[in-house]
Amino acid sequence: MDIKTKIKVIMKEQGYTIYSLSKATDLSQTSIANWFNKLNYEPSVSALEKVCEVFGITMSELFAKDVEVMLPCRDDMKDIYHKWQRLTPIQRNAIKVHIDSYIKGKGC
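So, here is what we can say about the structure in this document.

Definitions and limits used
Residues numbered from 1 in each chain as written. Predicted model: local features only at pLDDT ≥ 70, side-chain atom pairs only at ≥ 80, totals over all residues. Heavy atoms only, no water. Patch = residues over 30% accessible without salt bridge, like charges linked within 9 Å, V, L, I, M, F, W, Y side chains within 5 Å. Areas by Shrake-Rupley, 256 points an atom, 1.4 Å probe, with all protein chains shown as cover. Salt bridge = Lys/Arg side-chain N within 4 Å of Asp/Glu carboxyl O. Helix = DSSP H or I, 4+ residues; strand = E, 2+ residues; numbered from the N terminus. Buried < 20%, exposed > 50% of the residue type's maximum accessible area, 1.4 Å probe, protein only.

## Focus: a nonpolar patch on the surface
A cluster of nonpolar residues, Ile95, Ile99, Tyr102 and Ile103, forms a patch on the protein surface that exposes about 360 Å² of accessible area. Inspection of the secondary structure puts isoleucine 103 in helix 8 (residues 89-105). Judged by relative accessible area, which is 36%, isoleucine 103 ranks as partly exposed.

Quick look at the structure:
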């Protein structure tokens, strides 16, 4: 899967439109639309970094060919990871706060 297709898939999984991704990344709608509509138009490295930040993934994950290579873990952890990918940044932060408070409450 090429990078543009992968970005489209992640956008769909996380509920982003070109407009909402534009707002979240401070990239123009035209630039993002051109990634998908123009054959020889590629996103820049800085644009990809912004997109990865919004998606909550690393550049390595974006460029990985095989998800299994990036996720060498048990099935339950993979399930949590895939659910995490569909959360918004605000939802992810709320989960992190909850996990931190749970860990602190257990004395870990």
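## Quick notes on the pattern of salt bridges
Applying the stated rule across the entire model yields two salt bridges. The salt bridge partner of lysine 4 is glutamate 42, with a shortest N-O separation of 3.4 Å. Placement of the pair is lysine 4 in helix 1 (residues 3-14) and glutamate 42 in the loop between helix 3 (29-37) and helix 4 (45-55), with a sequence separation of 38 residues. When its relative accessible area of 11% is taken as the criterion, lysine 4 is described as buried. On the basis of relative accessible area, glutamate 42 is assigned to the exposed category, the value being 51%. Residue aspartate 79 pairs with lysine 83 through a salt bridge whose shortest N-O separation is 3.0 Å. Here aspartate 79 and its partner lysine 83 are both found in helix 7 (residues 75-85), four residues apart, which amounts to about one turn of the helix. Classification of aspartate 79 by relative accessible area gives partly exposed; the value is 36%. Residue lysine 83 is classed as partly exposed on the basis of its relative accessible area of 44%.

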